[in-house]
Amino acid sequence: GGVPPAIDLVLGATAGCLACVLTNPLEVVKTRLQLQGELQPPGTYPRPYRGVLRAVGAVCRADGLRGLQKGLAAGLLYQGLMNGVRFYCYSHAEDAGWTGYPGGTVAAGAVAGAVGAFVGSPAYLVKTHLQAQTLAAVAVGHQHNHESISSAFKSIYKQHGVAGLWRGVTGAVPRVAVGSAAQLATFTSAKDWVCERQWFREGSWAAVLAGGMVSGVAVAVTMTPFDVVSTRLYNQPVDANGTGKLYRGFLDCILQISSKEGLLGLYKGIGAVYLRLGPHTVLSLFFWDELRKM
């Protein structure tokens with residue numbers, strides 16, 4: 001829409017942050033569900049988090065209402081970095097005419113998402129650590145026990161250097177690339193499909209939200225396994241050399257989850273992933289579009 005890429009960087013970052021404030025509680029719930037029963041066969045471990053709604057209640061009981069916004073500062077930093085870079089790269093691709101080729105939109109979305117995920121990876125690492133932290137009675141996954149976002153960055157850097165801040169990035173890049181490509185490939189067509197059936201008036205807020213929720217089905221199915229792997233790689237404990245104690249890398253994580261938790265282990269937290277995707281997609285695109293108009 002005639003907006004320079006540099007401006008899109010700022011607008012995309014702002015839009016992502018605004019959407020993050022409203023959807024962060026589902027990120028907390030999703031993280032806990034994905035870490036629950038890590039590398040344990042189904043039915044052999046306690047389940048303090050049972051489904052999205054019960055998990056929300058469990059978080060509130062353990063951490064209070066403020067617990068639903070755990071890791072918000074790190075989440076805002078991640079959304080600002082990731083979405084700013086993502087929209088910046090995608091805007092460049094549009095200006096260069098790459099999105100006009102068949103499959104260009106999906107390819108540009110995937111590449112832009114991958115670059116954004118790499119840049120924002122340290123913030124996502126800290127966000128995952130902070131969102132997993134809770135009382136021992138309902139704790140799942142490794143507890144890193146950071147006091148704040150700043151102490152988390154300092155602790156990781158002090159122990160493992162700059163490379164430690166990018167631990168888990170091998171799971172983050174394919175996660176965002178797949179999610180971004182699937183989202184761009186399905187969101188517009190899903191929105192048009194809803195309007196063709198006259199469920200909502202074309203161009204209305206309801207039609208956009210419905211399109212986002214329909215698109216969210218495809219995105220959740222394709223993205224959740226990568227999301228689970230990403231969460232596990234980010235949150236696992238590491239030795240003095242910064243090497244993961246549970247997983248050697250992306251493929252090892254997939255194989256271990258599949259063999260010990262079953263294939264459904266790769267879809268833990270899919271309910272929270274889906275319920276977050278639709279609103280977050282719509283809100284971020286809505287805010288981005290409105291900011292562009294301004």
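Each value, and the rule that gives it
- Residues numbered from 1 in each chain as written.
- Predicted model: local features only at pLDDT ≥ 70, side-chain atom pairs only at ≥ 80, totals over all residues.
- Heavy atoms only, no water.
- Salt bridge = Lys/Arg side-chain N within 4 Å of Asp/Glu carboxyl O.
- Helix = DSSP H or I, 4+ residues; strand = E, 2+ residues; numbered from the N terminus.
- Buried < 20%, exposed > 50% of the residue type's maximum accessible area, 1.4 Å probe, protein only.
- UniProt positions renumbered as here; feature names shortened; annotations may be inferred.
- Polar contact = N/O pair within 3.5 Å; in protein donor to acceptor, adjacent residues only side chain to side chain.
- Contact = heavy atoms within 4.5 Å.
- Disulfide = S-S within 2.5 Å.
- pLDDT = per-residue confidence, 0-100.
- Phe/Tyr/Trp six-rings, centres within 6.5 Å; stacked < 30°, edge-to-face > 60°.
- Lys NZ or Arg CZ within 6 Å of the ring centre and 35° of its normal.
- Expected span 1.5 Å × (residues − 1).
- Bend = angle between axes of the 7 residues up to and from the residue.
- Patch = residues over 30% accessible without salt bridge, like charges linked within 9 Å, V, L, I, M, F, W, Y side chains within 5 Å.
- Areas by Shrake-Rupley, 256 points an atom, 1.4 Å probe, with all protein chains shown as cover.

Asks: Any chance you could break down the pattern of salt bridges for me, citing the residues and the numbers?
Replies: The full count for this structure, using the stated rule, is 10 salt bridges. Note that Glu-27 is salt-bridged to Lys-127, the shortest N-O span being 2.7 Å. Taken as a pair, Glu-27 in helix H1 (residues 5–35) and Lys-127 in helix H4 (residues 104–132) lie far apart in primary sequence, 100 residues in all. Each of the two residues, Glu-27 as well as Lys-127, counts as buried.

Asks: Tell me about the UniProt feature "repeat: Solcar" (unreviewed entry) in the protein, residues and numbers included.
Replies: The UniProt record annotates "repeat: Solcar" (unreviewed entry) at residues 3–96, 100–193 and 203–294. When the span residues 3–96 is considered, its composition is 72% helix and 0% strand, and the gap between its end C-alpha atoms is 14 Å. Helix makes up 73% of residues 203–294 and strand 0%. Its end C-alpha atoms lie 19 Å apart.

Asks: Explain the side chain of Asn-24 to me, and be specific about the residues and the numbers.
Replies: When you line up the elements, Asn-24 lands in helix H1. Of the residues examined, Asn-24 reaches a relative accessible area of 1% and is grouped as buried. A polar side-chain atom of Asn-24 sits 3.0 Å from a polar atom in the side chain of Gln-69. Of the polar contacts made by the side chain of Asn-24, one reaches the side chain of Gln-131; its length is 3.1 Å. Apart from residues lying up to four places away in sequence, Asn-24 is in contact with Leu-68, Gln-69, Lys-70, Gly-71, Leu-72 and Gln-131.

Asks: So, the state of the cysteines: which residues are in play, and what are the values?
Replies: Between two cysteines, a covalent bond joining their sulfur atoms is known as a disulfide. Evaluation of the coordinates by the stated rule reveals 0 disulfides. Of the cysteine sulfurs around Cys-20, a residue in no disulfide, the closest is that of Cys-17, at 6.7 Å. Under the relative-accessibility criterion, Cys-20 is labelled buried at 5%.

Asks: Account for the confidence of the model for the protein, with residues named and values stated.
Replies: Averaged over all residues, the pLDDT of the protein is 91; the fraction at 70 or higher stands at 99%. Taking the mean pLDDT of every element in the protein, the minimum, 81, falls on helix H9 (residues 270–293) and the maximum, 97, on helix H8 (residues 250–261).

Asks: Now, about the packing of aromatic side chains: what can you tell me, with residues and values included?
Replies: As enumerated under the stated definition, the model contains 5 aromatic pairs in all. An angle of 20° between the planes, with centres 6.0 Å apart, marks the rings of Phe-226 and Phe-250 as stacked. With Phe-226 in helix H7 (residues 205–235) and Phe-250 in helix H8, this pair connects stretches of sequence that are 24 residues apart. Classification of Phe-226 by relative accessible area gives partly exposed; the value is 23%. Members of the aromatic cluster, connected to one another through ring pairs, are Tyr-78, Tyr-124 and Tyr-234. Taking NZ or CZ as reference, Arg-86 lies 5.3 Å from the ring centre of Phe-87, over its face. The aromatic ring of Tyr-124 is capped on one face by Lys-127, whose charged end is 4.2 Å from the ring centroid.

Asks: So, helix H6 (residues 169–196): which residues are in play, and what are the values?
Replies: Between the first and last C-alpha of H6 there are 40 Å, a value that for 28 residues agrees with the 40 Å anticipated at 1.5 Å per step. Largest kink in H6: about 30°, centred on Thr-186. Looking one or two residues past H6, Gln-198 carries a phi angle of roughly 60°, positive in sign.

Asks: Help me get a handle on H1, residues and values and all.
Replies: Under the 1.5 Å per step criterion, the end-to-end length of H1 is only 38 Å for 31 residues, more than 12% shorter than the ideal 45 Å. After H1 finishes, the residue Gly-37 shows a positive phi value of roughly 70°.

Asks: Please give an account of the environment of Val-56 that cites residues and values.
Replies: Of note, Val-56 is situated in helix H2 (residues 51–63). Once the C-alpha coordinates of Val-56 and Lys-30 are considered, the two residues, 26 residues apart in sequence, prove to be 9.9 Å apart.

Asks: Please provide a residue-by-residue account of a nonpolar patch on the surface, values included.
Replies: A contiguous nonpolar patch, built from Leu-77, Leu-81, Val-111, Val-115, Phe-118 and Val-119 and spanning about 450 Å² of accessible area, is present on the exposed surface. Going through the elements one at a time, helix H3 (72–95) and H4 are the ones with two or more residues in the nonpolar patch. It is H4 that provides the largest number of residues to the nonpolar patch, a total of 4 residues. As for its position among the elements, Val-119 is in helix H4. The exposure class assigned to Val-119 is partly exposed, which follows from its relative accessible area of 31%.

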